[in-house]
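# Coordinate inspection notes
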Amino acid sequence: SRPSFQNTALRERAKRVVPGGMTGHLNAALLPAGYPQFFERGQGCHLWDVDGNEYIDFMCSWGPNLLGHHHPEVEEAVRRQHAQGDCLNGPTARFVELAERFVERTAHADWALFQKNGTDATTVCLMVARAATGKRKVLVAEKAYHGADPWCTPIPVGITPEDRAHLIHYTYNDVASLEAAAQQAGNDLAAIVCSAFKHDLRVDQELPTPEFARRARELCDAAGAALIVDEVRAGLRVHAGGSWETVGVRPDLSAWSKSIANGYALAAVTGVEALRDAATRIYTTGSFWQGGVAMAAGLATLEVSQRDDVVSHIARLGQRFRDGIAAQSASHRVTVRQSGPAAMPLILFDDDASLKKGAAFTVETLRHGVYLHPCHNMFFSLAHTERDIDLALQATDSAFAVVASRYGQC
Ligand code: PMP
């Protein structure tokens, strides 16, 4: 097995001075034993943990890394902006330039607001919708992740029932459940929130059906409510102009973060003209929200992602990986389900409710220097090459053999 002395020592030290040693979804304690918690460095699609183990990275920092670590053009823009200043008494010109780029490239957008994290963006969307409508109820899909604020955290500890008193749940892609939720909201409906596609933990992913997306649009139009698409995870990876362009439905508001500044802390809300006034009236801000460096990184990221057509690149490499996995699954006679867009793959094993097979599989690939996730969607970047995919497929071939020998064929 690979060295883990530094990781182990740091985890022990962290436990003493950080409650639980680590918080949230990046907590390696939630992963099978063998995953590192602490990392030293990243370059392109390669990642090194603090013990010097190298990995081909299929998580891309859980999304932010769209172009690869240290993309030269992004880093150059960052260096230039750093030399000028980052956190000043107000934003730099990058603020206006970035809002202009977002409005130009996003099909539904007439304006943009900036924040730091995805949760900021989804929360601002709800505020804009409520300010615009004067209504309270918001429809959200069961088990969908929209962030870690009291209204949306998946672990409702330290919050009150009142924090989510006005949420009504529906099932993603289930038109009847969406209609029932809208009916329950009656004339108090402020918004319907939809993930760009269904990418919940531990269950097969689903692209939105056109019927579902259209019905969400109609229900919002009928009630004067806002249709919100949460692009935090899928944004810039599914479609350059907005993920629901693929189903021909335009939202009123979209929440963006993760990929939009290639790893620098930035989030955005884009909206339609009719919501401009509400977006003007709400009060949201943060000490670091207007920082110039992340916005410079955002400008470079938007430019490179469009010029180099990241969407096509990751779709092509994702398909190469998916085809390879499907062939190996057949030859080892170990059945897996691959779901969602090929560029954001999820691999789940049949008969694996306890995730034993998924864990054995990913721990084995990790030993071969390939960082996969057993139950969360994964990510590709512009930095991945066919060679990286083929190397990763050598690791998955060994991993399928391990699963077959340990748990049998099925
Ligand atoms: N929405 C979605 C779809 C996400 O995937 C995430 C982050 N995993 C968030 C919102 C929240 O983003 P953040 O962690 O940056 O607050």
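Everything in this summary refers to the structure shown in the same document.

Thresholds, definitions, all that
Residues numbered from 1 in each chain as written. Predicted model: local features only at pLDDT ≥ 70, side-chain atom pairs only at ≥ 80, totals over all residues. Heavy atoms only, no water. Helix = DSSP H or I, 4+ residues; strand = E, 2+ residues; numbered from the N terminus. Rg over C-alpha atoms; globule rule 2.2 N^0.38 Å. Buried < 20%, exposed > 50% of the residue type's maximum accessible area, 1.4 Å probe, protein only. Near = heavy atom within 4 Å. Polar contact = N/O pair within 3.5 Å; in protein donor to acceptor, adjacent residues only side chain to side chain. Areas by Shrake-Rupley, 256 points an atom, 1.4 Å probe, with all protein chains shown as cover. Pairing = 2+ DSSP bridges. Contact = heavy atoms within 4.5 Å. Axes fitted to C-alpha atoms, helices over the stretch in contact; angles between N-to-C directions. Core = buried A, V, L, I, M, F, W, Y, C linked by side-chain atoms within 4.5 Å. Domains from an automatic or database assignment. Salt bridge = Lys/Arg side-chain N within 4 Å of Asp/Glu carboxyl O.

## Topic: the overall build of the protein
Looking only at helices and strands, one finds eleven helices and 13 strands in the protein. Whereas a compact globule of 410 residues would reach a radius of gyration of roughly 22 Å, the protein reaches 21 Å, a difference of no more than 12%. C-alpha extents for the protein along the principal axes are approximately 60 × 55 × 45 Å. Sorting the 410 residues of the protein into buried and exposed places 55% on the buried side.

## So, the site of the ligand
Taken together, Asn 117, Gly 118, Thr 119, Tyr 145, His 146, Gly 147, His 199, Asp 230, Val 232, Arg 233 and Lys 258 are the residues near the ligand. The side chain of Thr 119 places a nitrogen or oxygen atom 2.5 Å from an oxygen atom of the ligand. Here Asp 230 contributes a side-chain N or O atom positioned 2.7 Å from a nitrogen atom of the ligand. For the ligand, the protein covers 90% of the area, taking 390 Å² as the surface of the free molecule.

## Here we look at the pairing of strand S1 (residues 39–43)
Across four bridges, S1 lies against strand S2 (residues 46–49) in antiparallel orientation. Bridged to Gly 42 within S2 is Leu 47. The loop that links S1 with its antiparallel partner S2 comprises two residues; one of these, Gly 44, has a positive phi angle of about 60°.

## A look at unusual backbone geometry
Within the chain, Cys 60 stands out as a residue other than glycine whose phi angle is a positive 50°. With respect to the element layout, Cys 60 can be found in the loop between strand S3 (54–57) and helix H2 (72–84). Located in the positive-phi region is Leu 236, a residue other than glycine, with phi close to 70°. The residue Leu 236 is located in the loop between strand S8 (226–230) and strand S9 (253–256) in this model.

## Considerations on the sheet that holds S1
What the four strands build is an open sheet, ordered S1-S2-S3-S13; its pairing is mixed. At either margin of the open sheet sits one strand with a lone partner, and together these are S1 and strand S13 (370–371). The pairing of S2 with S3 spans three bridges and is antiparallel. Among the inter-strand pairings, Leu 47 is bridged to a residue of S3, identified as Tyr 55. In the packing of helix H11 (residues 386–407) onto the sheet, the strands contacted are S2, S3 and S13, and the crossing angle to S3 comes to about 110°.

## Concerning the nonpolar core
Ranked by size, the top nonpolar core spans 91 residues in total, and within it Phe 58, Leu 139, Ile 192, Trp 244 and Phe 321 carry the most contacts. Per-domain counts for this core show at least three residues from each of domain 1 (5–67 + 310–407) and domain 2 (72–307). When sequence neighbours within four positions are dropped, the list of residues in contact with Leu 139 reads Ile 168, Tyr 170, Leu 178, Ala 181, Ala 182, Ala 185, Leu 189, Ala 191, Ile 192 and Val 193. Counting residues in hydrophobic clusters, the runner-up holds 27 residues, among them Trp 111, Val 128, Leu 275 and Ala 278.

## Re the environment of Phe 38
Looking at the element boundaries, Phe 38 is found in the loop between helix H1 (5–17) and S1. Phe 38 sits in the partly exposed class, given a relative accessible area of 25%. Sequence spacing of Phe 38 and Ala 181 is 143 residues, and the spatial spacing of their C-alpha atoms is 43 Å. If we ignore the near neighbours within four places in the chain, the residues touching Phe 38 are Asn 7, Leu 10, Arg 11, Ala 14, Asp 49 and Val 50.

## Here we look at the pattern of salt bridges
A complete count under the given rule lists 23 salt bridges for this structure. The closest approach of N and O atoms between Arg 136 and Asp 188, which form a salt bridge, is 3.0 Å. Highlighted residues: Arg 136 in the loop between helix H4 (118–133) and strand S5 (137–141) and Asp 188 in the loop between helix H5 (175–185) and strand S7 (189–195), separated in sequence by 52 residues. Judged by its relative accessible area of 45%, Arg 136 is partly exposed. Overall, Asp 188 belongs to the buried group, its relative accessible area being 13%. Glu 206 is paired through a salt bridge with Lys 198; the nearest N and O atoms lie 3.6 Å apart. Accessibility expressed as a relative area gives 16% for Lys 198, which makes it buried.

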